[in-house]
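# Fold and contact review
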Amino acid sequence: MPKHRHRSTRPAYRRHGWSTPRTVFTSIIAGLVIMASLGFSTPTRAELFAAYVDENAQELVAVASPEIVPVVERHDFSATPGYETFIAGGTNHDWAKLVLLMGGFPLTEGNVTVVTRWMRQENFVDSWWNRNNPLNNGWGSGGGGGTGRYVDLVDAAANAAEALNTLPRYGEIVATLRALAPTEQVERAIWFSGWATGMYNNGQHWSYAPVPVVSAPPSAWGR
């Protein structure tokens, strides 16, 4: 028969490990007791605690809370298109914007719409750069009746802007453009300004159809 092993009836004891802080603290207490037996004053509870903290000092790393992190304010910046932007674009709509920019008028969709319609009344859209004089402006072009020619479209835009801001009879056009008036008010000011002797038949010959975007040859821009 196989031999049976009898289990020991002695209770099993577990070994308990002593943590390092507990050992240090016990050592401190023992040292203080010895000091007291040698005539030193008995430490207070606060002194015992301070001694333990000193022995077990830890480095603290401060972590900024999201609530106290300063918020960096970022500003949005926008750039106003310059002359070269519209010259590089090279279209009839770009030329209208160039006139507005040179004249100090707001570059709004309504103002651009008015000027491109005006250009269409003066020249065919497909050849809007005819004689480099899209608005048939006589100011500085050598043709008092608007039949003159400019060196290029940049010069034409500068002279159109100057004419509007110089001659008193164009004052209503200037005022409505700067006031961002509805397109019909600006166009009425154009009709009765004397720019065109026929006043576009009191506006009855004025077209309101969308003006297509058409590019002029680089040579017309002096490029």
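Definitions and limits used
- What you see as residue numbers is a count from 1 along each chain, following the sequence as written.
- pLDDT decides what is reported in this predicted model: residues at 70 or higher carry local features, side-chain atom pairs at 80 or more are listed and counted, and totals for whole chains, interfaces and linings draw on all residues regardless.
- For the side-chain quantities, the full set of heavy atoms in the structure was used; hydrogens and water were omitted.
- For this analysis, a salt bridge means a side-chain nitrogen from Lys or Arg found within 4 Å of a carboxyl oxygen belonging to Asp or Glu.
- Under the scheme used here, helices are H or I runs from DSSP no shorter than 4 residues and strands are E runs no shorter than 2 residues, and both carry numbers assigned from the N terminus.
- Each residue is assigned to one of three classes by its accessible area relative to the maximum for its type, calculated with a 1.4 Å probe on protein chains only: buried under 20%, partly exposed between the two thresholds, exposed over 50%.
- Note on geometry: axes are C-alpha line fits, over the in-contact stretch for helices, and angles between N-to-C directions span 0 to 180 degrees.
- Roughly parallel means an angle under 35 degrees; roughly antiparallel, over 145; roughly perpendicular, 65 to 115; everything else is oblique.
- Note: crossing handedness is left-handed where the near helix turns anticlockwise from the far helix by less than a right angle, and right-handed where it turns clockwise.
- Contact criterion: two residues are considered in contact whenever any of their non-hydrogen atoms come within 4.5 Å of each other.
- pLDDT is a residue-level measure of predictor confidence that goes from 0 to 100.

Looking now at the pattern of salt bridges. Evaluation of the coordinates by the stated rule reveals 2 salt bridges. We note a salt bridge from Glu-187 to Arg-117, for which the minimum N-O separation is 2.8 Å. With Glu-187 in helix H8 (residues 183-191) and Arg-117 in helix H5 (residues 109-122), this residue pair connects regions lying 70 residues apart in the sequence. No difference in accessibility class separates Glu-187 from Arg-117, as the two residues are buried.

Attention now moves to the packing of helix H4 (residues 92-103) against helix H6 (residues 153-166). At a minimum axis separation of 8 Å, H4 and H6 run at an interaxial angle of 50°. Overall, the two elements H4 and H6 adopt an arrangement that is oblique. For the pair H4 and H6, the sense of crossing is right-handed. Two secondary-structure elements touch here, H4 through Trp-95, Leu-98, Val-99, Met-102 and Gly-103 and H6 through Leu-153, Val-154, Ala-156, Ala-157, Ala-158, Ala-160, Ala-161 and Asn-165.

It is worth spelling out the confidence of the model for the chain at this point. Confidence in the prediction of the chain, expressed as mean pLDDT, is 79, and 64% of residues score 70 or more. Across residues 60-66, where pLDDT falls below 50, the model places 1 contact with residues more than four positions away in sequence or in other chains.

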